[in-house]
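The residues making up each chain are set out below.
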Amino acid sequence: MAAEKAEMDALKKECDALRTQIEAARKAANDGSMSAAAGGVASVGRVQLKLRKNLKGHLAKIYAMHWSADSRSMVSASQDGKLLVWDTFTGNKLVAVPLKSAWVMSVDFAPSGNLVASGGLDNICTVYNIKAASPKTLRELDAHTGYLSCCRFLSDSEILTASGDTTCCLWDLETGKQKIIFTNHIGDCMSLALSPDMNYFISGACDSLAKLWDVREGACKQTFSGHTSDINAIAFFPSGNAVITGSDDCSCKMYDLRADQEVLDYTDSSLNAGVTSLALSNSGRLIFAGYDDFNCHIWDSLKGEKVGVLSGHDNRVSCTGVPEDGMGVCTGSWDSFLKLWN
Amino acid sequence: MAASWRLRAVLSSRMSSKAPSSNSVAHARRIVQQLKVEAGFERIKVSKASADLMTYCTENARNDPLLMGIQASENPFKDKKPCTIL
């Protein structure tokens, strides 16, 4: 017992020393502020986007949406127990997928456009073939011991999931089995995003940390701190060198991966609502962040200034997405509507 | 936000009872191992990181429709008004 206590004390000391070392190394690399450096970049002015479409169809709160790679179809998930696939050019509903469990938290479109996936309080990630005559359940990925908060396809044969059981997982869709389990978070995992080159992904959790993982190795490479509450939303900057996070602490942050630290904080004293979702414009210059205050606020990612707002929802904005061609923004809300803006 | 999901999870009885780590020394060793990995990371300067991010934005600005604006005739989401041939 005494030997064990001695070892624990030694390990704790080593932990503290390593944390101090990391902080010192980050400080040494912090030779100038990003927002000051961005002083020389031209302002984007006021970003005023118009509401182009109001998509009605869901009968309850919308929790998630995701664009298809064709930048035209889009899938949304609601606690009315349905996934709806929309043609956003016409506003028509293309496919309705009835869910076994109405408590859905996440939805994703496979890059091929053939499959969609969803999951939530059932702890299961269900994959559907929507190109069949009527939507067919392809796989039920059942191994998480907590709710499914996020799912992201790498291809028609692999998918990543994030869970309230504090782990993320890479699944083989051909066998329906787990390939790799990513463990390191000490709080519910709430969101994940794949790097542009698909070799890494980033996760945000209720331990207020964001972690970078190697998809193939299964290892946690870097940990980013700074938020003071749950990280609900996370996205890669298009160059792959930075990530943006959105949190219940009412702020968004940008972390640079190569500098291994926070480089910008997006806060406004008048904004006292948690961030639920976020998406970036194609150049990475604009951040569209959905908040509990019923709005989607637009930030200049380089200068850290608020440059616009998308107002119109009558309840919390729960999901936000920009298609691959960057031609618009979609916001989904607890008011049961999806809105398209550009 | 997660708090409401955890509450629902409890109400629908699917919360896992996570077994406490039986070997806390092993757990502490894993934490130290992870911190060693993170401490070994080679960082670049924030000034270089910022410069690269700014360069990326400015170089890709012209490929960003939401930044540049979209012509009405090329806007896929804009409702097309019906034409009347006089």
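Residues numbered from 1 in each chain as written. Chains lettered and ligands numbered in written order. Predicted model: local features only at pLDDT ≥ 70, side-chain atom pairs only at ≥ 80, totals over all residues. Heavy atoms only, no water.

A.B. asks: Would you mind going over the side chain of A:Ser68 in detail, with residue names and values included?
C.D. replies: Tracing the backbone shows A:Ser68 in the loop between β2 (62-67) and β3 (73-78). Here A:Ser68 falls in the buried class, since its relative accessible area comes to 6%. (Helix = DSSP H or I, 4+ residues; strand = E, 2+ residues; numbered from the N terminus. Buried < 20%, exposed > 50% of the residue type's maximum accessible area, 1.4 Å probe, protein only.)

A.B. asks: Can you tell me about the UniProt feature "repeat: WD" (unreviewed entry) in chain A, naming the residues and giving the values?
C.D. replies: Residues and elements named next belong to chain A. Under the present numbering, the feature "repeat: WD" (unreviewed entry) in UniProt falls on residues 55-96, 141-181, 182-223, 224-265 and 310-342. The straight-line gap between the two end C-alpha atoms of residues 55-96 is 14 Å; of that span, 0% is helix and 57% is strand. The distance separating the terminal C-alpha atoms of residues 224-265 is 13 Å; by composition the span is 0% helix and 55% strand. (UniProt positions renumbered as here; feature names shortened; annotations may be inferred.)

A.B. asks: Describe the sheet that holds β3(A), listing the residues and the values that go with them.
C.D. replies: All names here are of chain A. Pairing in this open sheet of 4 strands is antiparallel, and the strands run β2-β3-β4-β5 from one edge to the other. In this open sheet, the two edge strands, each paired with only one partner strand, are β2 and β5 (92-98). Within the sheet, the average angular offset between the axes of one strand and its neighbour, ignoring direction, is 20 degrees. Pairing analysis gives 5 bridges linking β2 to β3, with the strands arranged antiparallel. Paired with Ile62 across the strands is Ser78, a residue of β3. (Pairing = 2+ DSSP bridges. Axes fitted to C-alpha atoms, helices over the stretch in contact; angles between N-to-C directions.)

A.B. asks: A description of the packing of aromatic side chains should follow, citing residues and the corresponding values.
C.D. replies: In the structure shown here, the tally under the stated rule is 9 aromatic pairs over all chains. Between A:Phe182 and A:Phe201 the ring centres are 4.8 Å apart and the planes differ by 85 degrees, which places this aromatic pair in the edge-to-face class. Highlighted residues: A:Phe182 in strand β13 (residues 177-183) and A:Phe201 in strand β15 (residues 200-205), separated in sequence by 19 residues. Here A:Phe182 matches A:Phe201 in class, with each residue buried. Both rings, one in A:Phe237 and one in B:Tyr56, keep their centres 5.7 Å apart while their planes meet at 65 degrees; by these two values the pair is edge-to-face. Here the residue A:Phe237 occupies a position in the loop between β18 (231-236) and β19 (242-247), and B:Tyr56 occupies one in helix α3 (residues 46-60), the pair thus bridging two chains. One aromatic cluster is present, formed by A:Trp67, A:Phe89 and B:Phe77 through successive ring pairs. The ring of A:Trp334 has A:Lys61 lying over it, and the distance from NZ or CZ to the ring centre is 3.9 Å. (Phe/Tyr/Trp six-rings, centres within 6.5 Å; stacked < 30°, edge-to-face > 60°. Lys NZ or Arg CZ within 6 Å of the ring centre and 35° of its normal.)

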